[in-house]
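# Reading the structure
Here's the letter readout for the chains.
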Amino acid sequence: MLKRIIFLLLILVASFAVNPTVKAQCSMCTINAEQGTKNGNTQGKGLNNGIIYLLAIPYLLITGIGLLWYRNYRKKTSTALASSNHS
């Protein structure tokens, strides 16, 4: 069980360690980023980081809820098994 958790955490860390170049943006963000880079600003990086941040939050929330659900499910099954063994 511990090896599985460590493996999943390793995959999670590895997926966040890789930062691919994001080129898909809405038209308004694209125009803003292009105008900013032409003027020497680094707004494009900020926009890309913001998009990645907005994309990651729902996945982190779903993962947290899933882990809580799993932990509560395991707790219920372990107490049910313990009470049935004592009978």
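What you see is a predicted model, and the numbers here were worked out from it, not measured in a lab.

## Remarks on the overall build of the chain
Within the chain, the secondary structure is distributed over three helices and zero strands. For the chain, with 87 residues in total, the buried portion stands at 6%. Of the roughly 7800 Å² of accessible surface on the chain, 68% is carried by carbon and sulfur atoms.

## Topic: the packing of aromatic side chains
Centre distance and the angle of the planes are the two values used to describe a pair of aromatic rings. Here the structure, examined in full by the defined rule, presents one aromatic pair. When the centroid spacing of 5.6 Å and the interplanar angle of 15° are considered together, the rings of W69 and Y73 count as stacked. Of this pair, W69 and Y73 both sit in helix 3 (residues 43-86), four residues apart, which is roughly one turn of the helix. For W69, a relative accessible area of 58% puts it in the exposed group.

## Digging into helix 1 (residues 2-17)
In this model, helix 1 (16 residues) spans 22 Å end to end at C-alpha, consistent with the 22 Å of a helix rising 1.5 Å per residue. Burial runs low along helix 1: only zero of the 16 residues are buried.

## Considering the confidence of the model for the chain
Detailed reading of predicted coordinates is not advised where the pLDDT is low. For the chain, mean pLDDT is 80; residues scoring 70 or higher make up 80% of the total. Here helix 2 (residues 27-38) stands out as the element of the chain with the lowest mean pLDDT, 71, in contrast to helix 1, whose mean of 87 is the highest.

The rules behind these values
Residues numbered from 1 in each chain as written. Predicted model: local features only at pLDDT ≥ 70, side-chain atom pairs only at ≥ 80, totals over all residues. Heavy atoms only, no water. Helix = DSSP H or I, 4+ residues; strand = E, 2+ residues; numbered from the N terminus. Buried < 20%, exposed > 50% of the residue type's maximum accessible area, 1.4 Å probe, protein only. Areas by Shrake-Rupley, 256 points an atom, 1.4 Å probe, with all protein chains shown as cover. Phe/Tyr/Trp six-rings, centres within 6.5 Å; stacked < 30°, edge-to-face > 60°. Expected span 1.5 Å × (residues − 1). pLDDT = per-residue confidence, 0-100.

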